[in-house]
Amino acid sequence: MLMRTLRALTATCLMCFAVAAYADWTSAVPNARLLGQGTLCIWGFSVYDAQLWSAASPQQVITLSTPFALQLTYKRSLSRDDLVKASVKELRRLAPPSFDSQQLERWTEHMQRAFVDVAPGDQITGVFVPQYGARFYAGRTLQHEVQDPAFAEAFFMIWLDPRTRNNTLRTQLLGDNRL
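As the structure is a prediction and not an experimental result, all values here were calculated from the model.

**Student:** Give a description of the side chain of R135 that names residues and reports values.
**Tutor:** With respect to the secondary-structure elements, R135 resides in strand β5 (residues 133-138). Take R135: its relative accessible area is 10%, and that puts it in the buried class. A polar side-chain atom of R135 sits 2.5 Å from a polar atom in the side chain of E145.

Following this line, the structure appears as structure tokens:
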């Protein structure tokens, strides 16, 4: 009986430590510093403030060779479904011709789990983890983890690709007008 109780207590402690390790996005991007920030405006309405965090240079972020975090602080209420639809639209627009529709369906399911309905002041932070995938935080809480490097690369290119819909925001995030 005592051994069973000790095992249960040990398992509970290990789970608590594991959860604590992912409780905040900053643990996934050690020594992060603000690279740049800007505001997404559509038709004159501010949608969100964006900040790009990394310990690396903007060039390393663009080449997807280092961890970084993209933090969005919303200025408007938006539903999870609207966030997913907008992301899917951009993924399709930026995708190569060989893009697989089944892959997009899987990615859509991941985004449904990763995103939440947002109100003004709410934050969603996406963390890019090279060779692994992405983690999404609602506020400071891990919402969902996607173990798919292809998804992570495609998703963050919505903001970082030179073909982004908002090149001004891209330049502001990267903190360098030459990029």
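There's plenty left to go through after this.
**Student:** Account for the pairing of strand β3 (residues 68-74), naming residues and giving values.
**Tutor:** Among the seven residues that make up β3, six are buried, leaving the element largely enclosed by the rest of the structure. Two strands pair when backbone bridges link them, and strand β2 (residues 45-54) and β3 are joined in this way by six bridges, in the antiparallel orientation. Bridged to D49 within β3 is T73. Where β3 and strand β4 (residues 123-129) come together, six bridges link them in antiparallel fashion. Its bridge partner being in β4, T73 is matched across the sheet by Q123.

**Student:** An account of a nonpolar patch on the surface is needed here, citing residue identities and associated values.
**Tutor:** A cluster of nonpolar side chains, contributed by I42, W43 and F45, occupies part of the molecular surface with about 420 Å² of accessible area. Inspection of the secondary structure assignment puts W43 in the loop between β1 (33-42) and β2. With a relative accessible area of 81%, W43 lands in the exposed category.

**Student:** Describe helix α6 (residues 167-174), naming the residues involved and giving the relevant values.
**Tutor:** Within the span of α6, buried status applies to L169, R170, T171, L173 and L174. Buried residues along α6 sit against β1, β2, α2 (58-62), β3 and α5 (149-160). With its phi angle positive at about 65°, G175 sits one or two positions after the end of α6.

**Student:** How would you sum up α5? Please name residues and give values.
**Tutor:** In this model α5 runs 16 Å from its N-terminal to its C-terminal C-alpha over 12 residues, within 8% of the 16 Å that 1.5 Å per residue would give. Those residues of α5 not exposed but buried are F151, A152, F155, F156, M157, I158, W159 and L160. Capping of α5 at its N-terminal end is provided by D148; its side-chain oxygen lies 3.0 Å from the backbone amide nitrogen of A150.

**Student:** Help me get a handle on the pairing of β1, residues and values and all.
**Tutor:** Taken together, the nine bridges between β1 and β2 define a ladder with antiparallel strand orientation. In the sheet register, G38 faces β2, and the bridge partner there is A50. Count of turn residues in the β1/β2 antiparallel hairpin: two residues, of which W43 carries a positive phi of about 50°.

**Student:** Run through the packing of aromatic side chains, naming residues and quoting values.
**Tutor:** One pass over the structure, following the stated rule, counts 14 aromatic pairs. Measuring from ring centre to ring centre gives 6.5 Å for F136 and F156, while their planes differ by 5°; the resulting arrangement is stacked. Of this pair, F136 sits in strand β5 while F156 sits in helix α5; the two residues are 20 residues apart in sequence, bridging distant segments of the chain. By relative accessible area, F156 is classed as buried at 1%. Relative to F155, the ring of F151 has its centre 5.6 Å away and its plane inclined at 25°; by these criteria the two rings are stacked. Residue F151 and its partner F155 are located together in helix α5, separated by four residues, close to a single helical turn. As far as the burial class goes, F151 and F155 line up, both buried. Grouped by ring-pair contacts, the aromatic residues F68, W107, F115, F128, F136, F151, F155, F156 and W159 constitute a single cluster.

How each quantity is defined
- Residues numbered from 1 in each chain as written.
- Predicted model: local features only at pLDDT ≥ 70, side-chain atom pairs only at ≥ 80, totals over all residues.
- Heavy atoms only, no water.
- Helix = DSSP H or I, 4+ residues; strand = E, 2+ residues; numbered from the N terminus.
- Buried < 20%, exposed > 50% of the residue type's maximum accessible area, 1.4 Å probe, protein only.
- Polar contact = N/O pair within 3.5 Å; in protein donor to acceptor, adjacent residues only side chain to side chain.
- Pairing = 2+ DSSP bridges.
- Patch = residues over 30% accessible without salt bridge, like charges linked within 9 Å, V, L, I, M, F, W, Y side chains within 5 Å.
- Areas by Shrake-Rupley, 256 points an atom, 1.4 Å probe, with all protein chains shown as cover.
- Salt bridge = Lys/Arg side-chain N within 4 Å of Asp/Glu carboxyl O.
- Contact = heavy atoms within 4.5 Å.
- Expected span 1.5 Å × (residues − 1).
- Phe/Tyr/Trp six-rings, centres within 6.5 Å; stacked < 30°, edge-to-face > 60°.

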